[in-house]
Amino acid sequence: MSTVNTSSKYKTVRINPISPKPPRASVLVIYTGGTLGMVYESVGRQLVPFDFEQILEQVPEVNRFDFEITFLPLSEPIDSSNMTPELWIEIARIVNENYAQYDSFVILHGTDTMAYTASALSFLLEGLNKAVILTGAQLPIGIARSDARENFLTALEIAAATNLAGQPIVSEVCIYFNSVLLRGNRAKKNESSDFNAFKSENYPILARAGVSIYYDLPYLETYRPGIKLHLHEKLNPNVTYLKIFPGISREVVHAVLKVSGLRGVVLETFGAGNAPTMDWFLAEIRDAIDRNLLIFNVSQCDGGRVTQGQYQTSKFLKDVGVISGSDITAESAITKMMYVLGRTDDPAQQRTWLSEPLRGEMSL
Ligand code: ASP
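A quick note: this is a predicted structure, and the numbers were derived from the prediction, not measured.

Asks: Explain the overall build of the protein chain here, please?
Replies: When helices and strands are tallied, the protein chain shows nine helices and 20 strands. The C-alpha radius of gyration of the protein chain comes to 21 Å, within 12% of the 21 Å expected for a compact globule of 364 residues. Projected onto the principal axes, the alpha-carbon positions of the protein chain cover approximately 70 × 55 × 40 Å. The buried share of the protein chain, reckoned over its 364 residues, is 54%. Long-range pairs, those at least 24 residues apart, make up 74% of the contacts in the protein chain with a sequence separation of at least 6.

Asks: How should I be thinking about the side chain of Asn185 in this particular structure?
Replies: Among the secondary structure elements, Asn185 is positioned in the loop between β11 (180-183) and β12 (188-189). Here the side chain of Asn185 touches Arg359 through a polar contact of 3.1 Å, landing on its backbone oxygen. Contact partners of Asn185, with chain neighbours within four places excluded, come to Ser119, Ser122, Thr329, Ser332, Arg359, Gly360 and Glu361.

Asks: Even after reading the chapter, I still don't get the site of the ligand, so can you show me in this structure?
Replies: In the vicinity of the ligand, the residues found are Gly34, Thr35, Asp79, Ser80, Gly110, Thr111, Asp112, Ala137 and Gln138. In this structure, Thr35 approaches the ligand through a main-chain N or O atom, which is 2.8 Å from an oxygen atom. Between the ligand and Ala137, the relevant distance is 3.3 Å, taken from an oxygen atom to a main-chain nitrogen or oxygen of the residue. For the ligand, whose free accessible area comes to 270 Å², the fraction covered by protein is 91%. When its residues are assigned to classes, the shell around the ligand shows one nonpolar, six polar and two charged.

Asks: Help me understand the side chain of Lys336 in this model?
Replies: Relative to the helices and strands, Lys336 is located in helix α8 (residues 330-343). Those residues in contact with Lys336 that lie beyond four places of it in its chain are Phe123, Ile328, Trp353, Leu354, Glu356, Pro357, Leu358, Glu361 and Met362.

Asks: Would you explain helix α9 (residues 347-355) in this entry?
Replies: The periodicity of an α-helix, 3.6 residues per turn, causes residues three or four positions apart to be oriented the same way. What α9 keeps buried is the set Gln350, Trp353 and Leu354. Burial along α9 is one-sided: seen end-on, the buried residues are contained in an arc of 100°. On its buried side, α9 packs onto β19 (294-299), β20 (323-324) and α8. With a side-chain oxygen positioned 3.1 Å from the backbone nitrogen of Ala348, the residue opening α9 is Asp346.

Asks: Is there a simple way to explain the sheet that holds strand β17 (residues 239-243) in this structure?
Replies: Sheets are built from strands that pair by backbone hydrogen bonding, the pairs being arranged parallel or antiparallel. If you trace the four strands from one edge of the open sheet to the other, you get β17-β18-β19-β20, paired in parallel fashion. The open sheet has two free edges, formed respectively by β17 and β20, since each of these has just one partner strand. Relative to β20, β19 is paired through two bridges, and the arrangement is parallel. The residue of β20 that forms the bridge with Asn297 is Ser324. Contacts between α8 and the sheet are confined to β17, β18 (264-269) and β19, with β17 contributing the most and set at about 145° to the helix. Packed on one face of the sheet, α9 meets β19 and β20 and runs near 10° to β19.

Asks: What should I look at first to understand the packing of aromatic side chains in this one?
Replies: Taken as a whole and assessed by the stated rule, the structure comprises eight aromatic pairs. Aromatic side chains Phe71 and Phe152 sit 6.2 Å apart centroid to centroid with 65° between the ring planes, which places their arrangement in the edge-to-face category. Of this pair, Phe71 sits in strand β6 (residues 68-78) while Phe152 sits in helix α4 (residues 148-160); the two residues are 81 residues apart in sequence, bridging distant segments of the chain. Residue Phe152 is classed as buried on the basis of its relative accessible area of 1%. When the ring of Tyr99 is compared with that of Phe105, the centres are 6.4 Å apart and the planes differ by 0°; the resulting orientation is stacked. For Phe105, a relative accessible area of 0% corresponds to the buried category. Put simply, the rings of Tyr99, Tyr102 and Phe105 touch in pairs and so form one group of aromatic residues.

Asks: Teacher, can you tell me more about the packing of helix α6 (residues 279-290) against helix α7 (residues 312-320) here?
Replies: The packing of two helices is summarised by the inter-axis angle and the distance between the axes. Where α6 meets α7, the axes come as close as 10 Å, and the angle between the chain directions of the two elements is 20°. On the basis of their axis angle, the class for α6 and α7 is roughly parallel. The handedness of the crossing between α6 and α7 is right-handed. Residues Leu282, Ile285, Arg286 and Ile289 of α6 touch α7, and the partners they reach there are Phe316, Leu317 and Val320. For the contact of α6 with α7, the residue count by class is six nonpolar, no polar and one charged.

Conventions and cut-offs
- As a convention, each chain's residues are numbered from 1 in the sequence order in which they are written.
- Local features in a predicted model are, by the rule used here, given only for residues with pLDDT of at least 70; side-chain atom pairs are given and counted only at 80 or more, and totals for whole chains, interfaces and linings are based on all residues.
- Heavy atoms from the whole structure form the basis of all side-chain values; hydrogens and water molecules are not counted.
- Under the scheme used here, helices are H or I runs from DSSP no shorter than 4 residues and strands are E runs no shorter than 2 residues, and both carry numbers assigned from the N terminus.
- As a reference, a globule follows 2.2 Å times the number of residues to the power 0.38, and the radius of gyration itself is taken over C-alpha atoms.
- Each residue gets one of three labels from its accessible area relative to the maximum for its type: buried under 20%, exposed over 50%, partly exposed in between, using a 1.4 Å probe on protein chains only.
- Two residues qualify as a contact provided that any one of their heavy atoms is within 4.5 Å of a heavy atom in the partner residue.
- Within 3.5 Å is the distance limit for a polar contact, defined as a pair of N or O atoms, with the added protein rule that one can donate a hydrogen and the other accept it, and that residues adjacent in sequence qualify only through two side-chain atoms.
- One heavy atom suffices: a residue is near a molecule or strand as soon as one of its heavy atoms comes within 4 Å of it.
- A 1.4 Å probe and the Shrake-Rupley method give the accessible areas. Residues count as covered only by the protein chains that appear here.
- Three residue categories are used. Nonpolar comprises Ala, Val, Leu, Ile, Met, Phe, Trp, Tyr, Cys and Pro, charged comprises Asp, Glu, Lys and Arg, and polar comprises the others, including Gly.
- Relevant arc is that of directions from the helix axis to the C-beta atoms, nothing else.
- A strand pair is defined by DSSP finding two or more bridges across the two strands.
- Interaxial angle, 0 to 180 degrees, is taken between N-to-C directions of lines fitted to C-alpha atoms, where a helix line uses only the stretch in contact.
- Between 30 and 60 degrees the pair is tilted, below 30 it is stacked and above 60 it is edge-to-face, where a pair is any two Phe, Tyr or Trp rings, Trp via its six-membered ring, whose centres lie within 6.5 Å.
- Throughout this description, any angle smaller than 35 degrees is read as roughly parallel, any larger than 145 degrees as roughly antiparallel, any in the 65 to 115 degree range as roughly perpendicular, and the remainder as oblique.
- In this scheme the crossing of two helices becomes right-handed for a clockwise turn of the near helix relative to the far one and left-handed for an anticlockwise turn of less than a right angle.

Okay, here's the thing in structure tokens:
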């Protein structure tokens, strides 16, 4: 049975379990868009988002769960390439406003920027003690071979899962995709054709879904009874990436570091955090740091970590005040910078927060 509630800003649809027993959990599903809910436009044959209630018709299985599911579509579904920091804050607010009412949350999202959204939410939702699971699909739900149904239904099952003490098994922001559950701020989209779209090179898989769902409990955040959710609502988007390559010119480096209003740079370096040692390069970096720009060193390699000082080609970066990103992903690094710059104007505090793991996003 489904009921519609139009009293809040968003119209929600609730699916109650058919079972006569009381529902074992309540899950809020936030629909943002993405391939999962797209259809082929009749004229141009391009994929465009379609109406949320049509999606529900494609997954009648949701009626069979023994928990209550409420659907909340954002006002306008988007291709996640149009995701913005404002929308991240909007989604975090929805979670915060509904936090007491629901046991957990599933966010349906396009795969292209899912890892950025998962990272941003992990920073905005401090003290999270419930599951927030992002999922999506490589093929639209209306297509027979779509991966949407399995991803969506298992994400719901994981969101509703509790241990024998009735506590949530997952109490952090995760991505569930193609049978694996990953920490959200450790995940990366690494595949645009195959169904295994996400990987997490520097942190173990948190759960695998086969006939049963096996959770790797030591790697999951532990549930902390009594802890309060604290919503952060400020992100500073005045940040950028600077990816170096052999032959990069001084003009390019100079132009990027001199962008007006820029506050932070994720410097994508080689290997274990190495960069050219030409005098001009070092001078540009030193000048940027003297102007109070935060520079966060992240490796172009997906696996391994930045160890500034291991090679002569990274020692200068350390000496001049570039902050090591250790094994953080580029997606997590840029959202962490937005968060840290949004939270404080104190450069010493910004540096401290960037250097240490705040939500399990990097190793020390
Ligand atoms: N372009 C789509 C999006 O990110 C791709 C997807 O959902 O897989 O919204």
